[in-house]
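Single-letter residue listing:
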Amino acid sequence: MVSSVDSEPLPAADSRVAEPPVTAGEAPAPRPRVVILGLPLATLVIGLLVTLALVLVSASQYTSNESRLLKLRVRDASELLTGTLPTLQATLASTAELADATNGSVSRFMGFAGRDVGSKGEFASLSLWRLDTPGAPVAVVGIAPKLAASPGQATAFLAKTARDHTLGVIGLLSGPSPRLGYAVVAGRYAAYAEAPLPANRHSKLQGNNAFTGMDYAVYLGSKRSGQLLVSNVAHPPLPSPSASQAISFGDNKLTLVMSSRIPLAGTLPRDLPWIIAILGTLLSVAAALMTMRLTQRRQSAEELAARLEISASENRRLYAEQRTIAQTLQHALLPDVLPQAPGIQASARYEAGERGVEVGGDWYDVVDLEGRRLLLVVGDVSGRGLRAATTMASLRYAIRAYAAQGDLPPEILTKLSHLVSVAETGQLATILCVIVDAGERTLDVTSAGHLPPLLLENGDGSYVYGELGLPIGVEAGSQYASRKVAMPATGTLVAFTDGLVELRGESIDDGLERLRKAAAGDPAALPDLLGRLVSEFPGGRSEDDIAIVGVRWTT
Amino acid sequence: VDDLEGLDESLVSFDIETEPDGSAMVRIGGELDLGSIERLESEVDRLLASAPSRLVVDVGDVRFADSSAIALWVRWATAVPRFELRDSPPLLRRVITAMGLSTKLGVAS
């Protein structure tokens, strides 16, 4: 009867590592660098457009506000100007009426008009004219009127003034010192005055509050294109923005034009568009830069994630590969086929632990000895990796060699103690040897620091404790003793490594007891029993590797 | 007094003290396994290079130790004239006993 080893399937079928490897070709290709400029550029453009809109709105608001305030100022100034005109008209009117009432008395006229002419009056010349002889004045106070130089013009002007029954304004009479001439008619007489324009053309009114901070120009006529009377600027016309208002001036009009030298609503509204423009541009640029930076960061994060994904899948692949290599090596180092003896069945399993990515130091072996005897071996070299595996392999083959030359387990273990030294390599090995002697019907147990084998008989389980010797590697030349126990007629002996009973935070005795209960009374075939004991480990998978070997005899 | 402290990824902490009389004390805590004892091993190797006359290893705070940790202590025990494993918790003591190492490591079984 041959019992082959029931090994775990190779880890290619392991669900934890069976995910398809992701090749580098499937990795998301890095996006072209130019793409990141799109969003920041859009942010900049939108920011600048919003800024521009705000600038335009605030500028137009400022302009319309200024214009409104300017109009108010012009109106105030116009009223002030209007208020001075009746005085002029009244003076002329009373002069004309006096002349009419006194039948053109020159002496009365001279006496009356003297007050208003010269340095203390507002007229440079005041003259009395008869409408029926309008070519020359009847009497003159002050300097000679310019109108007298052109009798035709005088006749026409006085005739028109008589028709209009109001203050007649002849306009600006040119000459070295321009004068303004006006007349009022009463009955048959007309009072005519000429007033010089101020030498610097500054109005007496400009000291008034209504003119503070303002530039102004007053034109004769209803348009700005009329004759300039007074202004405070050297070279009219006034700069834009300006506002104007026409004022009745006898049969003519005056046009007051004003513009402001300072912002009427204060400097903030004037500067606001600039402030908005500067701040808006800065904010737009900052927002664009920030967007660019965020975009870059997102892109690098995506690239990093892609790279991590590649490396993670590479790791998974490497892990799977390592695990495959480790377990292939492990299987190569462990027996393929277990020997048999009449009436004795042997089976074994090896289960890689959670850290199974490296080859482990656990092993099992069954050696066929002379005459219905099997040597059951299970061992555990501390540590992992190739060093542990090679030590394991050398111990396994050394045991086979010593057993082949007839050594018994105590001698074998003592000889092994010379092969391993914890002081030199840091390695220890625990080894359990059991000779199952079907002829003598004994179990001969020798242990080098290893956990005891579990004996199952009649639905019951018990551990067979032998004399515990030092693990291999502690001391060269350690001595070992075997313990012989009787073999029941039918039974199963299970030997294992500590991975099967070791659980963090739990006593090893609890692990042993759990195993004993799980195994006792299970009528399953030996391979199935071993498989179940391994697969029922709490939490699914042991942290450490598990080697388990069992023999069952039915004699 | 040489004072070293380490904290391994897997929460192994240790502390090494040397006395003027040539003895040394190593306090170890946490969960010790093959993957977590590397730093502890290299630090104590440096200590052993100075040939202490006595090494006391306090394992009172060790919650778990696998066979590689125990092999490490055995190696230390063979490297110094006098060795003592102190304050071993019951679970740990049981593992040491099960490996037949209670005498070697000076642990009451």
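Report on the accompanying structure. (Residues numbered from 1 in each chain as written. Chains lettered and ligands numbered in written order. Predicted model: local features only at pLDDT ≥ 70, side-chain atom pairs only at ≥ 80, totals over all residues. Heavy atoms only, no water.)

1. Examining the overall build of chain A
Move 1: Across its full length, chain A holds 9 helices and 22 strands.
Move 2: Looking at chain A residue by residue over its 555 residues, the buried ones come to 46%.
Move 3: Taking contacts inside chain A between residues at least 6 apart in sequence as the whole, the part at least 24 apart equals 68%.
Move 4: Accessible surface, chain A as shown: approximately 26100 Å² in total, 59% of it carbon and sulfur. (Helix = DSSP H or I, 4+ residues; strand = E, 2+ residues; numbered from the N terminus. Buried < 20%, exposed > 50% of the residue type's maximum accessible area, 1.4 Å probe, protein only. Contact = heavy atoms within 4.5 Å. Areas by Shrake-Rupley, 256 points an atom, 1.4 Å probe, with all protein chains shown as cover.)

2. Some points on the side chain of Asp444(A)
All names here are of chain A.
Move 1: As for its placement among the helices and strands, Asp444 is situated in strand S16 (residues 442-448).
Move 2: Within the buried set, Asp444 has no salt-bridge partner at all; the shortest N-O distance to an opposite charge, 4.6 Å, is to Lys484.
Move 3: A polar contact of 3.1 Å, which involves the side chain of Asp444, links it to the side chain of Ser482.
Move 4: Residue contacts for Asp444: discarding those within four places in its chain leaves Cys433, Val434, Ile435, Ser482, Arg483 and Lys484. (Lys, Arg positive; Asp, Glu negative; His and termini not counted. Salt bridge = Lys/Arg side-chain N within 4 Å of Asp/Glu carboxyl O. Polar contact = N/O pair within 3.5 Å; in protein donor to acceptor, adjacent residues only side chain to side chain.)

3. As for helix H8 (residues 508-519) of chain A
Move 1: Helix length check: H8(A), at 12 residues, gives a terminal C-alpha distance of 17 Å against a target of 16 Å (1.5 Å per residue), a fit within 8%.
Move 2: Burial in H8(A) covers these residues: Ile508(A), Gly511(A), Leu512(A), Leu515(A) and Ala519(A). The buried residues of H8(A) all sit within an arc of 100° when viewed along its axis, so they share a single face.
Move 3: Close packing links the buried residues of H8(A) with strand S17 (454-457), strand S18 (460-463), strand S21 (490-496) and helix H9 (526-535) of chain A together with helix H3 (90-98) of chain B.
Move 4: The N-cap of H8(A), judged by a side-chain oxygen 3.0 Å from the amide nitrogen of Asp509(A) a few residues on, is Ser507(A).
Move 5: Gly521(A), located one to two residues past H8(A), shows a positive phi value of around 75°. (Expected span 1.5 Å × (residues − 1). Arc of directions from axis to C-beta.)

4. Some details on the interface of chain B and chain A
Move 1: With 19 residues of chain B at the contact, the number on the chain A side is 29 residues.
Move 2: Across the chain B to chain A interface the summed buried area is about 2000 Å²; carbon plus sulfur atoms make up 63%.
Move 3: Our enumeration of links across chain B and chain A arrives at 4 salt bridges.
Move 4: Of the charged contacts, one joins Asp509(A) and Arg94(B) as a salt bridge, the two residues approaching to 2.7 Å between their closest N and O atoms. (Buried area = accessible area lost by both parts, 1.4 Å probe.)

5. Examining the packing of aromatic side chains
All names here are of chain A.
Move 1: Summed over all chains, the structure comprises 7 aromatic pairs over all chains.
Move 2: Here the aromatic rings of Phe211 and Tyr216 are separated by 5.0 Å at their centres, their planes lie at 75°, and the arrangement is edge-to-face. We note that Phe211, like Tyr216, is buried.
Move 3: With 6.4 Å between their ring centres and 70° between their planes, Tyr463 and Phe496 make a pair best called edge-to-face. (Phe/Tyr/Trp six-rings, centres within 6.5 Å; stacked < 30°, edge-to-face > 60°.)

6. Remarks on the nonpolar core
Move 1: Residues Ile431(A), Ile28(B), Trp73(B), Trp76(B) and Leu105(B) are the most contacted members of the largest nonpolar core, which totals 96 residues.
Move 2: The greatest single-element share of this core, amounting to 9 residues, is contributed by helix H5 (residues 385-404) of chain A.
Move 3: Aside from chain neighbours lying at most four places away, what touches Trp73(B) is Ile28(B), Leu32(B), Val57(B), Val59(B), Ala65(B), Phe83(B), Leu85(B), Leu92(B), Ile96(B) and Leu105(B).
Move 4: Of all hydrophobic cores here, the second largest spans 45 residues; its members include Ala99(A), Leu180(A), Ala195(A) and Ile247(A). (Core = buried A, V, L, I, M, F, W, Y, C linked by side-chain atoms within 4.5 Å.)

7. Details of the side chain of Gln330(A)
All names here are of chain A.
Move 1: With respect to the helices and strands, the residue Gln330 is situated in helix H4 (residues 267-333).
Move 2: Of note is the side chain of Gln330, whose polar atom sits 3.1 Å from the side chain of Tyr350.
Move 3: If we ignore the near neighbours within four places in the chain, the residues touching Gln330 are Tyr350, Val359, Gly360, Asp362, Met392 and Asp545.

8. So, the sheet that holds strand S6 (residues 189-196) of chain A
Working definition: the strands of a sheet are paired by backbone hydrogen bonds and lie parallel or antiparallel to each other.
Residue and element names in this part refer to chain A.
Move 1: A sheet is described by the order of its strands in space; here 5 strands give the open sequence S3-S2-S6-S5-S4, paired in antiparallel fashion. Of all strands in the sheet, those bounded by a partner on one side alone are strand S3 (139-142) and strand S4 (168-173). Recorded for the sheet is a direction-independent mean angle of 15° between the axes of neighbouring strands.
Move 2: In this structure, strand S2 (residues 125-130) lies alongside S3, joined through 4 bridges in antiparallel fashion. Paired with Ser127 across the two strands is Val140, which belongs to S3.
Move 3: Against the sheet, helix H2 (residues 106-113) contacts S2 and S3, and its axis sits at roughly 20° relative to S3.
Move 4: Seen against the sheet, helix H3 (residues 151-164) touches S2, S4, strand S5 (179-186) and S6 and runs at an angle of roughly 50° to S5. (Pairing = 2+ DSSP bridges. Axes fitted to C-alpha atoms, helices over the stretch in contact; angles between N-to-C directions.)

9. Remarks on unusual backbone geometry
Residue and element names in this part refer to chain A.
Move 1: Despite not being glycine, His165 shows a phi value in the positive range, around 50°.
Move 2: Position of His165 among the secondary structure elements: in the loop between H3 and S4.
Move 3: Residue classification places His165 among the exposed residues on the basis of a relative accessible area of 72%.
Move 4: Even without being glycine, Asn458 reaches a positive phi, approximately 50°.

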